[in-house]
Amino acid sequence: MPNNGLYVRDLSVYYGKKQAVKEINLDFAAKEVTALIGPSGCGKSTFLRSLNRMNDLIGDARITGEIWIEDKNINDPSVDVVLLRQKIGMVWQRPNPFHKSIYENIAFGPRYHGIKNKKQLNEIVETSLRKAALWEETKDRLHQSALSLSGGQQQRLCIARSLAVKPKIILMDEPASALDPVSTAKIEELISELKQDYCIIIVTHNMHQAARISDKTAFFFMGELVEFDDTQKMFTNPSKKQTDDYISGRFG
Amino acid sequence: MSAKLANRIATVVIIAVAIFIVAILAGLLGYILVRGLGHVSWDFLTSVPQSIREGGGIGPQLFNSVFLLVLTLLITVPLGVGAGIYMSEYAKANRFTDFIRLVVEVLSSFPSIVVGLFGLLVLVHYFGLGYSLFAGALALTVFNLPLMVRITEQAIRAVPKEQKEASLALGLSRWKTITSIMLPIAMPNILTGTILASGRVFGEAAALLFTAGMSSPRLDFTNWNPFSSNSPLNPFRPAETLAVHIWKINSEGLAPDAAEIAAGASAVLVIVVLLFNFTARFIGGYIHRKFTASK
Amino acid sequence: MKERVTLDHPKEKISKQHLTEEWVGKIYTWLCIIVLIVTIFSMVYFVASRGLTTFFRGVNVWEFISGLRWQPDAKPPIFGALPFIFGSFSTSIMAALIAAPLGFCAAIFMTEIMPKYGRRYLQPVIELLAGIPSVVYGFVGLSIIVPFLRDTFPGQGLGLAAGAIVLSIMILPTITTIATDALSALPGGLKEGSYALGATRWQTIYRIVLPTTFPALMTGVVLGISRAFGEALAVQMVIGNAPFLPRSLFDSTSTLTSVITLSMGNTVMNSPHNNALWSLALILMLMTFVFVFIVRWLERRTKI
């Protein structure tokens, strides 16, 4: 039985009759960044969304296979999805802060999970914003609407929001694809820092980004995992021709 | 050439029809307001109606209409919002859901007079509520509920998926996600829809003839104890509303100034409905500006 | 072994809180749905059981539907509902015949001819027309349309024509709104193809746009007829309320709804007259089902 990190065994996802993800086996280590790359529609986002069972929300999605975290298979019917999701943060392609104040965006999760003490909440807000490198920019305007922030700031706020509930794993679905280059650089920097504490799995379209920030890279194509290896090896000396073709920009 | 001529004629006809429709509304509103507003005064709005003499007002009817609307909303909104949430968030794509959709559709196409008869039989007689505000409010609920369900369902469906997922990913329960993230975002749309629906409820008469009744007891507007029989707030007293009053004086009014009273009351009714419409439009426009500005 | 991802949850009390919440949500929304279902079933049951009483007590169904005389006070009372059935169908179909061309023109104006003006002026006008209460339509019909008809045509003014005109204005918004939605949902390429072949706008509209959207346009018309069929007070105020088949458009007559409105309050529960009125309500209800069925059938054809 695996006991370290996140282990995916024979994971398949079906939308109706179509099999979007085909029998994936993958191991993710703690304190590492793993990048999932591949052309659009290759199943990498669907795969990511099954790691915190977000696909449960889609009516005709059917998932088979196992995802082990510690000694629990999270696809087991007995697993409490709500509790599971508290341990797995998620960041989306487009920044999606709640229509609330900056402070409330972050305090919302922890307060729901039972922290009512005002001082404790203030602390969580501050540490989360600091970790997301947003504290200096927002400390004087915590009670303004989160929608008043720029796109890049909103995305970092969303990262801070997920950090506030103390997750172990953070899933990121193309977190920088809707941002300008400066904001993108900040997010990448942030990811490199966060990896000291978290297991980060990031879907990205941007080959250079994957090369810059990840330790491991997985290449998906047509719902299948083609290759999975150290990022450095993948980008310099991939063992499959398909990977080489994709990375060197011959398709996708 | 003839194709071009036909095109020109058709265009002219269509524009003429559009102008004609605008003229109908302008004529309608103009007629009601010009004819009615002359009769509307503070005294008219507050005094009691006279059955045979002239100079009667519409005070109790106006109060009844407002009170009945409030009662109806108190019952309809929680039910309609709940059912709307079910339809948008909990309903699975299966036969049962199709069946509920059919129920909502049938309920919304029921003639309001039939709803009124149902109220007469079940609420007034069977449950012994008599002709009362409460029976009227329940009948109006039947009449208004399908609309409320649709409004809520659409408003909740319009909430961006990412908002819902963000909340669930933080480990919030579905119900908490609905109530504290999705409902607040959907609220302006629900509010706009509710206000428009209120206009419909305010003007409805057929469902009320045999439920809230066609008479109003002598009300003591200093007695605000809801359990006292002549208190305006007593929900178990009969209550003729403004719309019912207009119908009644048109068909059996004996007062010499019945036509003027009908005109005045119609003007008041139309103004209230216009107010509801403009409020809804204003809120709708405000939301539109807010959302387009933030993007 | 330090770098382990774990799922431990120190606070066990949280787990109960959210489970309770989920139950609260499920039970609450379920209750609302149950209220809806109970309402519709009890309505159908009560209206049907009261409406059928007439026929269980010796009145022949066919005679009821086809009888021309409605004399509840005769001894024995005679219940022939054909005049009312005819009144309801003729007023609502005539109303649709008047309103449909107007509504289609308005929809074409808003989508094809002048969308900008259409959205800014015509749309709000249509919405306001939909918002005006039916008693106000009845009042205006009584004070403008009826006198006009009385002065222009033979008869008292009250009658079939007055009813149809009032109803046509009332159902105009329904027909227009649905037609507008249908026309604006049309894919742009369809029209461009026609224009590219050198067709004029009108040719494009009546050769391409109207035929393609026909089922949707008919949906609006049927919904309009359904609304007119069930409308009670406005019609009752202008139709004259004579319990006979009309001899002309300007002759006083009655509809199903107008008889119920006028007589229900003056009858005693369970009397033959009262039961006969419930039977009229039953006809109204059955027609509602028919209209819903037709609308659904048309909607299915729209999607194809």
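What you are looking at is a predicted structure, and each value in this text was computed from that prediction instead of being measured.

Conventions used here
- Residues numbered from 1 in each chain as written.
- Chains lettered and ligands numbered in written order.
- Predicted model: local features only at pLDDT ≥ 70, side-chain atom pairs only at ≥ 80, totals over all residues.
- Heavy atoms only, no water.
- Helix = DSSP H or I, 4+ residues; strand = E, 2+ residues; numbered from the N terminus.
- Rg over C-alpha atoms; globule rule 2.2 N^0.38 Å.
- Buried < 20%, exposed > 50% of the residue type's maximum accessible area, 1.4 Å probe, protein only.
- Contact = heavy atoms within 4.5 Å.
- Lys, Arg positive; Asp, Glu negative; His and termini not counted.
- Charge placed at Lys NZ, Arg CZ, Asp CG, Glu CD.
- Axes fitted to C-alpha atoms, helices over the stretch in contact; angles between N-to-C directions.
- Parallel < 35°, antiparallel > 145°, perpendicular 65-115°, else oblique.
- Left-handed = near helix turned anticlockwise from the far one by under 90°.
- Nonpolar A, V, L, I, M, F, W, Y, C, P; charged D, E, K, R; others polar.
- Phe/Tyr/Trp six-rings, centres within 6.5 Å; stacked < 30°, edge-to-face > 60°.
- Lys NZ or Arg CZ within 6 Å of the ring centre and 35° of its normal.
- Pairing = 2+ DSSP bridges.
- Buried area = accessible area lost by both parts, 1.4 Å probe.
- Salt bridge = Lys/Arg side-chain N within 4 Å of Asp/Glu carboxyl O.
- Polar contact = N/O pair within 3.5 Å; in protein donor to acceptor, adjacent residues only side chain to side chain.
- Patch = residues over 30% accessible without salt bridge, like charges linked within 9 Å, V, L, I, M, F, W, Y side chains within 5 Å.
- Areas by Shrake-Rupley, 256 points an atom, 1.4 Å probe, with all protein chains shown as cover.
- pLDDT = per-residue confidence, 0-100.

Draft legend 1. Seen up close, the overall build of chain A. When helices and strands are tallied, chain A shows ten helices and ten strands. Its C-alpha atoms give chain A a radius of gyration of 18 Å, near enough to 18 Å, the size a compact globule of 252 residues would have. Viewed in the frame of its principal axes, chain A has a C-alpha envelope of about 55 × 45 × 35 Å. Split into buried and exposed, the 252 residues of chain A put 56% on the buried side. Pairs at least 24 apart in sequence give 66% of the contacts found in chain A among residues at least 6 apart. Averaged over its 34 positive side-chain charges, chain A has a centre that lies 5 Å from the centre of its 31 negative ones.

Draft legend 2. Region of interest: the packing of helix α3 (residues 82-113) of chain C against helix α8 (residues 201-230) of chain C. All names here are of chain C. Here α3 crosses α8 at 140°, and the two axes come no closer than 9 Å. Considering their axes alone, α3 and α8 lie oblique with respect to each other. Relative to α8, α3 is oriented so that their crossing is right-handed. Two secondary-structure elements touch here, α3 through Ser88, Phe89, Ser92, Ala96, Ala100, Phe104, Ile108, Glu112 and Ile113 and α8 through Arg201, Ile205, Leu210, Leu217, Val221, Ile225, Ala228 and Phe229. Of the residues belonging to the contact of α3 with α8, the class tally is 13 nonpolar, two polar and two charged.

Draft legend 3. Structural context of the packing of aromatic side chains. Summed over the entire model, instances satisfying the criterion amount to 28 aromatic pairs over all chains. Judged by centre distance (6.4 Å) and plane angle (20°), the rings of Tyr86 of chain B and Tyr90 of chain B are stacked. Placement of the pair is Tyr86 of chain B and Tyr90 of chain B together in helix α3 (residues 59-90), with a separation of four residues, close to one helical turn. Neither Tyr86 of chain B nor Tyr90 of chain B differs from the other in exposure class; each is buried. Plain terms: the ring middles of Phe64 of chain C and Trp70 of chain C are 6.3 Å apart, the flat faces sit at 70° to each other, and that makes the pair edge-to-face. A relative accessible area of 0% means that Phe64 of chain C is categorised as buried. Here the aromatic cluster, defined as three or more aromatic residues joined through ring pairs, consists of Tyr86, Tyr90, Phe96 and Phe99 of chain B together with Trp30 and Phe41 of chain C. Its guanidinium or amino end placed over the ring of Tyr14 of chain A, Arg62 of chain A lies 4.4 Å from that ring's centre, counting from NZ or CZ. Here Arg161 of chain A stacks its cationic end above the ring of Phe98 of chain A, 4.5 Å away from the centre of that ring.

Draft legend 4. Up close: the sheet that holds strand β6 (residues 88-91) of chain A. Residue and element names in this part refer to chain A. Spatially, six strands are ordered β6-β7-β8-β3-β9-β10 in an open sheet, and the strand pairing comes out mixed. Looking at the sheet topology across the chains shown, the edges are occupied by β6 and β10 (224-230). Taken over all neighbouring pairs, the strand axes of this sheet differ in orientation by 15° on average, direction set aside.

Draft legend 5. Quick look at the interface of chain C and chain B. Contact residues are listed per partner, giving 74 residues for chain C and 76 residues for chain B. Its largest share of buried area at the contact with chain B, chain C owes to Leu36, Met43 and Phe139 of chain C, together 10% of the area lost on that side. There are two salt bridges connecting chain C and chain B. Between Arg281 of chain B and Glu127 of chain C there is a salt bridge, with the nearest N and O atoms lying 2.7 Å from each other. Residues that form the side of chain C that touches chain B fall into these classes: 51 nonpolar, 16 polar and seven charged.

Draft legend 6. Molecular detail of the pattern of salt bridges. In total, this model carries 21 salt bridges over all chains according to the counting rule given. For Arg53 of chain A, the salt bridge goes to Asp56 of chain A, with nearest N and O atoms at 3.0 Å. Among the salt bridges present, the one from Glu112 of chain C reaches Lys191 of chain C, with a minimum N-O distance of 3.1 Å. Within this pair, whereas Glu112 of chain C is found in helix α3, its partner Lys191 of chain C is found in helix α7 (residues 188-196), the two being separated by 79 residues in sequence. Each of the two residues, Glu112 of chain C as well as Lys191 of chain C, counts as buried. Linked through salt bridges whose partners overlap, the residues forming this network are Glu126, Arg130, Glu136 and Lys139 of chain A.

Draft legend 7. The arrangement of the side chain of Arg237 of chain B in detail. Residue and element names in this part refer to chain B. If you trace the backbone, Arg237 turns up in the loop between α8 (174-203) and α9 (242-252). Buried within the structure, Arg237 lacks any salt-bridge partner; Glu240 is the closest side chain of opposite charge, at an N-O distance of 9.5 Å. A polar contact of 2.8 Å, which involves the side chain of Arg237, links it to the side chain of Asn64. Apart from the residues lying within four places of it in its own chain, the contact partners of Arg237 are Phe63, Asn64, Phe67, Tyr131, Ser132, Leu133, Ser216, Pro217, Leu219, Ser229, Ser231 and Pro232.

Draft legend 8. Highlighting a negative patch on the surface. Taken together, Asp10, Glu23, Glu66, Asp76 and Glu224 of chain A make up a surface patch of like negative charges. Positionally, Glu23 of chain A belongs in strand β2 (residues 18-28).

Draft legend 9. Layout of the packing of helix α1 (residues 2-37) of chain B against helix α4 (residues 115-131) of chain C. Direction vectors running N to C along α1 of chain B and α4 of chain C enclose 45°, while the axes themselves pass 10 Å from each other. As the angle between them shows, α1 of chain B and α4 of chain C are arranged oblique. Seen from above, α1 of chain B lies across α4 of chain C with left-handed handedness. Seen from α1 of chain B, the contacting residues are Ala18, Ile21, Val22, Leu25 and Leu28 of chain B; seen from α4 of chain C, they are Leu122, Val125, Ile126, Leu128 and Leu129 of chain C.

Draft legend 10. Looking closely at helix α7 (residues 161-169) of chain B. Residue and element names in this part refer to chain B. Of all nine residues making up α7, seven are buried, and the element is well covered by its neighbours. Buried residues of α7: Gln163, Lys164, Glu165, Ala166, Ser167, Leu168 and Ala169, and no others. Once α7 ends, the next one or two residues include Gly171, with phi positive near 85°.

Draft legend 11. Representation of the confidence of the model for chain C. On average, residues of chain C carry a pLDDT of 87, and 94% of them reach 70 or more. The ipTM for the predicted assembly is 0.89, set against a pTM of 0.88.

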